[in-house]
Structures are given as structure tokens and as C-alpha cells.
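# A structural walkthrough
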Amino acid sequence: MSDAEESPLGETEEDGETEMEEEEEENPNYYAEVESMQQESKEDDTVAWRDSQEEGEEKEKKEEAVREETVEKAGTAQEEVAAEVQEETTVKPQDITETVGTLERLSLTDPQSVMSETSPKTHGGGELKHSLPSELSSSLSSQIEFLDLELTSFEEQQMSSPESQSSRELGDDTDRVPQDELGQERRDLEPGKGETRQEKRVSYLAEEKEVQPEADIPKDSLVSTTTEDILFQKDESASVCPLTMTWSFGWNSSLPVYYIRDTNQRVLLYASAHTAVIYDVFKNSQHHLQGHPNVISCFCISEDRRWIATADKGPNCLIIIWDSFTGIPVHTIFDSCPEGNGIRTIAISRDAKYLATISDAEMQKVCIWRWTLAVETPACTLDLPKEYGFQNYLTFNPTNNKELVSNSKTQAIYYLWYEEGDILTHSAPLLTEKTFNKLVGKFSQSVFHLNLTQMLSATMEGKLVVWDVDRPPPSAPTSLGLPYIRPCKLVHLQKESISVLTTVDSYIVTGDAKGHIKFYDHTLSIIHWYSHFKLSSIRCLSFSKTPATPPTENSNYPPDCTLKGDPFVIRNLVIGTSDATVYHLTTDGTKLEKLLVEPKDAIYAISCHPYQPLIAIGSFCGMIKVWDYERKKYLFSRVFEKGLGVQSLTYNPEGAFLGAGFTEGTVYILDAMSLENEIPEPFKYSTTSVTHISFSHDSQYMATADVSFTVAVYKVKVKSGKRVWEYLARLRSHRKSIQSLLFGMHLDSSEPRLLSLGRDKLLIEYSLLKSYRDHLEVLDIHRTDQGSYPTCMIWYPPLIKERFLIISNSNYKVKLFNSTTKMCRKTLLGPVYGSPIEQIQILPVKTTVELQKRYLVFINTDKVGLQILPIDGNPHKTAAIICHPNGVAGLALAYDGHYAFTAGGPDRSVLQWEINLSQGRVTPPCPPVAPEILLALSSVDPHQLDRRRPNLPKCVPQKQ
């Protein structure tokens, strides 16, 4: 019987580890003695095993021949074990538990005996055999080798032994440990043996490189081997997160939109809240670059459209560089502006080697980063005086990545970077009306001239300032040869304000406030213009990276403005305008297409249809858009007259009407499918913004609340066989803002009931049956809090017989009130994620089985989250994620509970979140852990494991 079978299971591993630590302190050469003993024991076992074979076998072979045979078998065994490990990764939890138990029994025995039972041996015939039964050895070989490699010192002998070479390689294939870290740890434990260990490790690595199959060698990273199409071809597996962003409606029109793909594709890049969105127009698909904790303030893209740099403003601001082909963040710069508020503008050099940023602090700082070296500090910095104004535009010289230009509304600055000494110099001459004896205007954008010796700055007066650039000779010392610029000419190009200035090919391009796009040559002579599109003010222009195709007989390029009238050949381009519209212009044929039409002002109103996958989005610009959120398709919209900003939206329970409240107090009732008026004239009984709209369950009543703390009720009446909405009554029932307006049903009848909750800590119920024209009857008034104020209210689902109201307050508490007596029955701790809950909705259910397992969705200042019901104060039953860093303005749920929608208010976006409840819990699970790691965790002291393997997950997945 082997030692493994004779070893009692009652002995614990902790005692053995304690004794080992004591011996290490007393004898520094402990490992050397143990290795010597293990080597002697191993040689005895090998001789005994070989004597039991056939008498005709050879007993002595050269070491080199044995090694070659073992290497050949190791390659085959490695492939087999790799296949077995692949199968192990898909085993069921109960199978993993049984395997863990088996390994626990084995790991409690002597490591040498376990190894002698499991490691492959080599005899004269060159065959590999296992002493363990075949069914056990085939399933646990790789795990035991992994355990031996990581947790015992016996593998040092195996490294130099030809018999154990293949098992060592198999263990490394199962879980590769950084060899430098592992070797360094053992050199720390064994003084004086560093050189010997290093030589053995290098010898082993050389042998492993020869043995390892070609397919298993990681040659290049995904970033270096991918193609442009991989971003939208990736197989999106089911997410394990409870909330996953799947779509972004709207975009930040204050920032540019870039044209990043054009070969058989039409792919755009734009910003939406704290996410950069890569949008494939033809596939109607989005890929989200998520990682910023704050709203993205600026971003740029390299000339080859490969690298994207995004930056934000706010606490813990970041700069992230992304690979646009894969969506992988290749480098992150943390605390890029510790003394300021974030990054105001960013630029990337033409060769994509350098980044330049200007901070958003009161004292702005210009930084140049060698981001390809993965550094956390800038190569050089320069503090700008306050007199220069806030620099809000920055760009590199396309032909020299050591030169930059930036401008504020009043000052243009030229920069020259001396890379040898990492010195950034600048020149910023003051330009006034006396310089040219003419009005110059405010600067918009600046670029380098095509002749490489001048700079151009566009102004809001339709003029162009031409600067001469005087560069010192390369041999001049920095202290004597500082560069400078001087204004030499003021060119009045046009009457309209120039909002965009850029260059493409051999042209200087401008976009103005009237929506015109004009092209000039290097002498500022106009070559062509597009003025018949009737666009709003141009906000950005982005040209295709593919040069225009030369004209042919089938081409239809427009003629230029020269006397010859040659075809004006230019690249296709994407146009972004101030009204949040994005166009694509195909220059061959002059075809203009709308790609995006989004709200240009804040979005506070969203509502989901009660039984169809539709969402209505209302903006302060007076636009209501309806989307099919499953197909991601825009359906129809309506733009109201100027001055009418949409503040609130709600579908009635039947899905036939859409109630809309506006910022100036008007209330519309619209047809849900056409957005046409359902009433001859809108209701105008308030002079302030209508913040809440609610319908009764039978759609017979509609109630509204406004900023003036007033509740108004409207009722349906039948006249001439038609349903007609009429005003009933209104009452100023609160002294502070109304937080919630809620309809319900009486327990003993189907009559609707109406309740309102105010910041004045009052819960008021109204009697609809006793109300009449111009008189709204109050049924009762209850005080909900003493010190804190309530924030929202919702009906508690019928998990028990007693009916409750859930009221959340500003002190992170959740209170349950009896729906009839208004008595507070329980006070519990609510979700604590930096700010109190602002809105709650109960997740709808689809089957009767789900009635006993309910969830609620909540939002606070900047997050959206889920909580498992019933509410019991357990913080581990909630999860939240940042959705709108500048504030969440609204929440809506899909009719089937698959999606939640959040409105971002000032960031002009609505985000769609997929709700995943398949894990049976709300808290995000631990990262996936391979079965071999689970086996190691079951038999090793966690403290020892964390010390030896710092990259190993420190958590074990919960059992399903």
C-alpha cells in the first residue's frame, strides 16, 4: 500500500505548514536538505519500479536519449491534458465539488507519495504509464501537477529530471505562473542559491520552448493581430452583470463626431455621457467604450483611425487610449490632472506617438504624453497665465509632431517641444483691434497652414488671422533661439461666423454658422462650396481616411470654381451640426443623408409603452421621439413650437394616450401612435413646469403636479359617444416640491385613489368621488418623517397579505406604511451608494412563479441599481452602476422587465440597460475561476496561496 493510502485523513494541513515554518526559521538550508532527501527517495522508487518490468529491458541508457523520448511523449500528453482541462471548465458545480473532495483526500498525504502515484514514468519502451487508476488519472492529472508545481518544493527536482519534465510542462499549461515572480520568491526564501535557481529556470524555459506545440505559443496580442472588422464580429456572450448597457440614445453634440470606417462600412465615433460610442450605421450596431467615472469632456482620434483617446472632467479624472479595432483600452492615465478639474481639450499627433492635453484648472497646464511607453507622468508641462483665457482647442502640426497650436476666444498660442531636454516653449502675442485697425472677433479654431510656415486662426466675424512662424535653427541653444509667431495678415473671408477650420488633402476647409462648407486652396482662393443643404450651424467636419477615387465617365463630381471647371474631387465626409444632427455627404453625386437626429437640449422625460417595445423621449428643445428599443429603430417624432420644453411623459395603462407636461405649464394628451392632439386645445391651468403626470388604472383620471406645489386632476367624460378629457379641479396642497404623485386602488372596490408626497414631509390622499368642478377634496394628511425629508414613493408588491407603501427618505432609510391606516410598520436601511434614492419602480413579472421573487429598480444622483425584495436592510441584496455622472433625471422600465432606461438630463442622452436575473442574485458574481484553481483552493491555506500567487482570484464563486 502506498503512503497516500496509509496516511490518515485526520491530519490537517495547517499543522504541517506550521511545522514547516518553524523549521525554516531554525535551519536556513532546510530546502536543500528536503530536496536531497526527496531525490534519494525518488531514485529508490524508480529502481524498484524498473525491476518489476521485463528482464530483457535495458537498465542503463544515456540521459540525452531518455530526455528526447520523454519530450516526444510530453507533447502528446500535453495535448491530451489540454483537451481534458477544456472539458473540466464546463463541468457542473456538483462535479467540481466531488473533484475537490477527491483532491482534498489526496493533498493531505505526503506530497512525494502523491507525486509518485501520479507523475508519468519512462521505461525502456518509451511508454508513459500512471500508477493511478485510468479514470482518476485522466481527470486529475493536470490539477495535481498544478498543485505540485505551486505548493511544494518538489518541483525543483522535477525541473532537472528527465522523467518529470513532461509533467512539469503539463502543469504549466494548466496554469501559467510568471516565471520571474516565482523565481524571485524562491530566491528570497533560499539565500545564496539565486544563481543556481536562475540557471535551472532558464534551462527549463529553453526546453519548454522546444517542446511546446506551435498552436499553444502566444505569438502576438489581440491588438496587434486584429483587423478592422473584429469589433462588430465578436460573439457577445450573455452578461453575468445584473445591469449591462446595451444602447445609447442621443449624443453630446458639444463634442465632435468622427468618421472612422468607410470601406464597405460607415462607422462613426461620438460621445454620450461618460461613454464613447462606436456606431455602425449599416449594421445598426453600437459598441461602447466604458471606463470613465465622469462625463467625457473631450476626445480625439489618430490619423489612421486606429487609436482613440478620451478624457473626462471631474474627480479622479482619466485619460484612456483605446484600440478602435477591438475596443480594448490599451493604456489608462490616472489622475491626469490632480490639481484641476479634468481635461478641457486633447489632441494626438499624426503618427499617434504623442498626446497633448490642456487641463480645465484655473491655471491651465499643457502636457505632452509619451503614451506608447505606458508612462503615468507627462514628458513635459507648461503652465499658462490666466491672461491667455481658457484654451479650448488644440491640435498638432501634421508634418511635425513637436509643434502645436491652441486658442481661446482671445488668444492663440504656438508651442514648440524640445524633446531632448523635454522643454515646452510657447509664443502668444496679443492681438487687438489696433493690430490691423479692424475688428478681429473671437477665435474659434486654429490650424497650421499648408505651406508649413504659417498658422491660421478663424474668428466668429468670418475672418482669418494669418500668423508667420519664426522657428530657430536646430543648432541654436534653447535659451537663445526661442520660437515666436507674429500676425501678418487679416483676411475677411465671409460674413458668416466661422465655427470650424480644418485641412484635408490640399484644401483649407471652413464651416460656418449658416451651414455652409467652403474649400480654399493654399492662397485662400475659394475652390468650391456647399451652401444649398440648408443646414444649421456647422459644429464639426470629419473626412474619410480613404482618398477620393479619381473621376471617371460614370463619376458625377461637381465642378470647381476655376475657369476650367474641373471636377471637384474630395473625400466623403461626416457633418455634425448644432441642432444635434449628423449627416453623411457622398461627394460623388453630392448626396446628403441624415444619420442621426437627436435632441439638442436636456432630456428629463421618458416613458415606456405598457405592452409594446416602445419608448418615448422628451427634450427641453420641444422634441418627442418614439423608438422601438428592441430593434433600435426610430419610428416617429414631433417637434413642438419654440418655448415648449417637454418636462414629463407618461403612457396611460391602455397604451392609447401619452400625457405630456411642458416647462411653461401646458399639458397635452397625445395619440400614442401618431403624437397628434387628442384634445382640441391643450390644458393650461398652470404657469410653472409640470413635473409629474399619472393615470389611474382604468384611464378615467389623469393627475399632474407642478413646480408651484399644485396637484391638478382631469377626468374622462362621454359626450356624443366620444371620450372627452375635461379639467376637474386643482389644489395647492403642499408647501414644498412634490416628490411623487401616485394612483392606486381601494382594497374593497375598484375605485381609484390618488396620493401625493411632498418634500414638506406630508403624505396626502385625495377623495376623487367627493371632488367636483374646481374642488379637489382632501381625504387625509399624514406626516412621514421628522428630520429627513421623503424622496419618492411606490406601491409595495403583494408579497404578503398586508398592503404597503414604500417611502424612501433623504437619510437612506426605506419605510413601509400601511396603505390604509398610513401607519409606519417598519423602517429599514435602503441602498447606500453615495446619495439617497430619488426614484423607485417595481420590476414587472410575466409568470405566476415570479410573483414570490420580486425586484425593484432605483436611481439616485448618478447611479441605477437593483434590489431584491422583500426589503430587509441587507446591503448585499443591492447592486448599482454609474449611469449619468452629471445626474439622473428619469427612470422607465420595459413592459416585460427586460430593460431599464435612464435619462441623463443635461448630458442629452438616454441609456438602455439590460436586466439580467439569470444568476439568481443581484450582486455581481466573482470572475470565472478554472476548475484547477478551485482544486488548489480546496487544499491550500488561503494566506499561503495569496502570498505565492498574487494574481490568483481571492474569491470563490458562489454555489448555484
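Residues numbered from 1 in each chain as written. Predicted model: local features only at pLDDT ≥ 70, side-chain atom pairs only at ≥ 80, totals over all residues. Heavy atoms only, no water.

With that out of the way, let us pick up the overall build of the protein chain. A count of helical and extended segments in the protein chain gives 16 helices and 57 strands. Burial status across the protein chain gives 53% buried among its 960 residues. Contacts in the protein chain between residues far apart in sequence, at least 24 positions, make up 52% of those at least 6 positions apart. For the protein chain, the computed accessible surface area is about 44,200 Å², with 51% contributed by carbon and sulfur atoms. (Helix = DSSP H or I, 4+ residues; strand = E, 2+ residues; numbered from the N terminus. Buried < 20%, exposed > 50% of the residue type's maximum accessible area, 1.4 Å probe, protein only. Contact = heavy atoms within 4.5 Å. Areas by Shrake-Rupley, 256 points an atom, 1.4 Å probe, with all protein chains shown as cover.)

Further remarks concern unusual backbone geometry. It is generally the case that most residues other than glycine have a negative phi and that most peptide bonds are trans. Omega for the peptide link from Leu869 to Pro870 comes to 5°, which places this bond in the cis form. For Pro870, the location among the structural elements is in the loop between strand 53 (863-868) and strand 54 (878-882). Positive phi values are uncommon outside glycine, yet Asp505 reaches one of about 50°. Its location among the elements puts Asp505 in the loop between strand 24 (498-504) and strand 25 (507-512). Judged by its relative accessible area of 44%, Asp505 falls in the partly exposed class. Non-glycine residue Ala580 carries a positive phi angle of around 60°. The topology assignment puts Ala580 in the loop between strand 29 (573-577) and strand 30 (581-586).

It is worth spelling out the nonpolar core at this point. The biggest cluster of nonpolar side chains holds 37 residues, and the ones touching the most others in it are Leu269, Ile278, Ile319, Ile346 and Leu355. Once residues within four sequence positions are removed from consideration, Leu355 is found in contact with Cys300, Ala309, Ile319, Ile321, Ile346, Ala347, Ile348, Cys367, Ile368, Trp369, Trp371 and Phe396. Val277, Leu595, Ile615 and Phe901 belong to the second largest nonpolar core, which has 29 residues in total. (Core = buried A, V, L, I, M, F, W, Y, C linked by side-chain atoms within 4.5 Å.)

In space, the four strands of this open sheet follow the order 47-48-49-50, with antiparallel pairing throughout. Edge positions in the sheet fall to strand 47 (790-795) and strand 50 (824-829), since each has one partner strand and no second. The average undirected angle you get between the axes of adjacent strands in this sheet is 20°. In this structure, strand 48 (residues 804-809) lies alongside strand 49 (residues 813-818), joined through five bridges in antiparallel fashion. Looking at strand 49, one finds that Phe804 is bridged to Asn818. (Pairing = 2+ DSSP bridges. Axes fitted to C-alpha atoms, helices over the stretch in contact; angles between N-to-C directions.)

In this fold, Asp628 is placed in strand 34 (residues 623-628). Among the polar contacts made by the side chain of Asp628, one reaches the side chain of Arg631 at a distance of 2.9 Å. Apart from the residues lying within four places of it in its own chain, the contact partners of Asp628 are Pro613, Leu614, Lys633 and Leu635. (Polar contact = N/O pair within 3.5 Å; in protein donor to acceptor, adjacent residues only side chain to side chain.)

What follows concerns the pattern of salt bridges. Going through the model one piece at a time under the given rule, you end up with 26 salt bridges. When the shortest N-O distance is used, the salt bridge between Lys863 and Asp862 registers 3.1 Å. Note on accessibility: Lys863 and Asp862 belong to one class, buried. Ionic contacts of the salt-bridge type, sharing partners, join the residues Arg370, Lys402, Glu419 and Asp422 into one network. (Salt bridge = Lys/Arg side-chain N within 4 Å of Asp/Glu carboxyl O.)

A separate point is the environment of Ser835. With respect to the element layout, Ser835 can be found in the loop between strand 50 and strand 51 (839-842). Overall, Ser835 belongs to the buried group, its relative accessible area being 10%. In sequence terms Ser835 and Thr861 are 26 residues apart; their C-alpha atoms lie 6.1 Å from each other. With residues near it in sequence (within four places) discarded, Ser835 still touches Tyr812, Asn860 and Thr861. A distance of 3.0 Å separates polar atoms of two side chains, one belonging to Ser835 and the other to Thr861.

On to the sheet that holds strand 53. Pairing within the open sheet is antiparallel, and its four strands lie in the order 51-52-53-54. Each having just a single partner strand, strand 51 and strand 54 make up the two edges of the open sheet. Taken over all neighbouring pairs, the strand axes of this sheet differ in orientation by 20° on average, direction set aside. Inspection of the sheet shows strand 52 (residues 855-859) paired to strand 53 by five bridges, in the antiparallel sense. Paired with Val857 across the two strands is Leu866, which belongs to strand 53.

Before going further, it helps to examine a positive patch on the surface. The grouping of Arg735, Lys736, Arg759 and Arg783 at the surface amounts to a positive patch. The topology assignment puts Arg759 in the loop between strand 44 (752-758) and strand 45 (762-772). (Patch = residues over 30% accessible without salt bridge, like charges linked within 9 Å, V, L, I, M, F, W, Y side chains within 5 Å. Lys, Arg positive; Asp, Glu negative; His and termini not counted. Charge placed at Lys NZ, Arg CZ, Asp CG, Glu CD.)

As a further point, take the environment of Leu754. Mapped onto the elements of the fold, Leu754 is located in strand 44. By relative accessible area, Leu754 is classed as buried at 0%. It is 9.7 Å that separates the C-alpha atoms of Leu754 and Leu779, two residues lying 25 residues apart in sequence. Here Leu754 is in contact with Ala703, Val711, Val713, Leu741, Leu742, Phe743, Ile764, Glu765, Tyr766 and Leu768, once residues within four sequence places are set aside.

Following the criterion strictly, the structure yields 29 aromatic pairs and no others. A ring pair is formed by Tyr414 and Phe448, whose centres lie 6.3 Å apart and whose planes are at 70°; its orientation type is edge-to-face. Of this pair, Tyr414 sits in strand 18 (residues 412-418) while Phe448 is found in strand 20 (residues 443-448), placing the two residues 34 residues apart along the sequence. The two residues Tyr414 and Phe448 agree in class, both being buried. Consider the rings of Phe683 and Tyr685, whose centres lie 6.3 Å apart with planes at 35°: the pair is tilted. According to the relative accessible area criterion, Phe683 is buried, its value standing at 8%. (Phe/Tyr/Trp six-rings, centres within 6.5 Å; stacked < 30°, edge-to-face > 60°.)

The next subject is the pairing of strand 4 (residues 258-261). Bridge count for strand 4 against strand 5 (residues 267-272) is three bridges, and the pairing is antiparallel. Paired with Tyr259 across the two strands is Leu268, which belongs to strand 5. The turn linking strand 4 back onto strand 5 is made up of five residues, and Asn264 within it adopts a positive phi angle of 60°.

Relative to the elements of secondary structure, Leu755 occurs in strand 44. In sequence terms Leu755 and Val711 are 44 residues apart; their C-alpha atoms lie 9.9 Å from each other. Here Leu755 is in contact with Ser740, Leu741, Leu742, Leu763, Ile764, Glu765, Tyr766, Met793, Trp795, Leu805 and Lys822, once residues within four sequence places are set aside.

Our focus in this paragraph is the confidence of the model for the protein chain. On average, residues of the protein chain score 78 in pLDDT, and 71% of them are at 70 or above. Scored below 50 in pLDDT, residues 38-57 makes 22 contacts in the model with residues more than four places away or belonging to other chains. Taken as a whole, residues 920-960 scores under 50 in pLDDT and shows 81 contacts with residues more than four places along the chain or in a different chain. (pLDDT = per-residue confidence, 0-100.)

This part covers the pairing of strand 30. Judged by how many residues are buried, strand 30 sits mostly within the fold: six of six residues are covered. Neither face of strand 30 is left uncovered, since the one carrying Thr581, Tyr583 and Leu585 and the one carrying Val582, His584 and Thr586 both have all their residues buried. One ladder, built from four bridges, connects strand 29 with strand 30; its direction is antiparallel. Bridged to Gly576 within strand 30 is Val582. Hairpin connection of strand 29 to strand 30: three residues between the antiparallel strands, including Ala580 at a positive phi of 60°. Both strand 30 and strand 31 (residues 591-597) contribute to a ladder of six bridges, which runs antiparallel. When the bridges of strand 31 are listed, Thr581 appears paired with Val597. In textbook terms, the turn of a hairpin is the stretch between consecutive antiparallel strands, and for strand 30 and strand 31 this stretch comprises four residues, one of which, Gly589, has a positive phi near 105°.

For the structure shown, the criterion picks out zero disulfides. Free cysteine Cys337: the closest other cysteine sulfur is in Cys317, separated by 5.4 Å. On the basis of relative accessibility, which here comes to 4%, the residue Cys337 falls in the buried class. (Disulfide = S-S within 2.5 Å.)

The next subject is the side chain of Thr704. With respect to the helices, strands and loops of the structure, Thr704 is situated in strand 40 (residues 701-706). Dropping the residues within four chain positions of it, Thr704 is found in contact with Val667, Val690, His692, Ile693, Thr710, Val711, Ala712, Tyr714 and Leu741.

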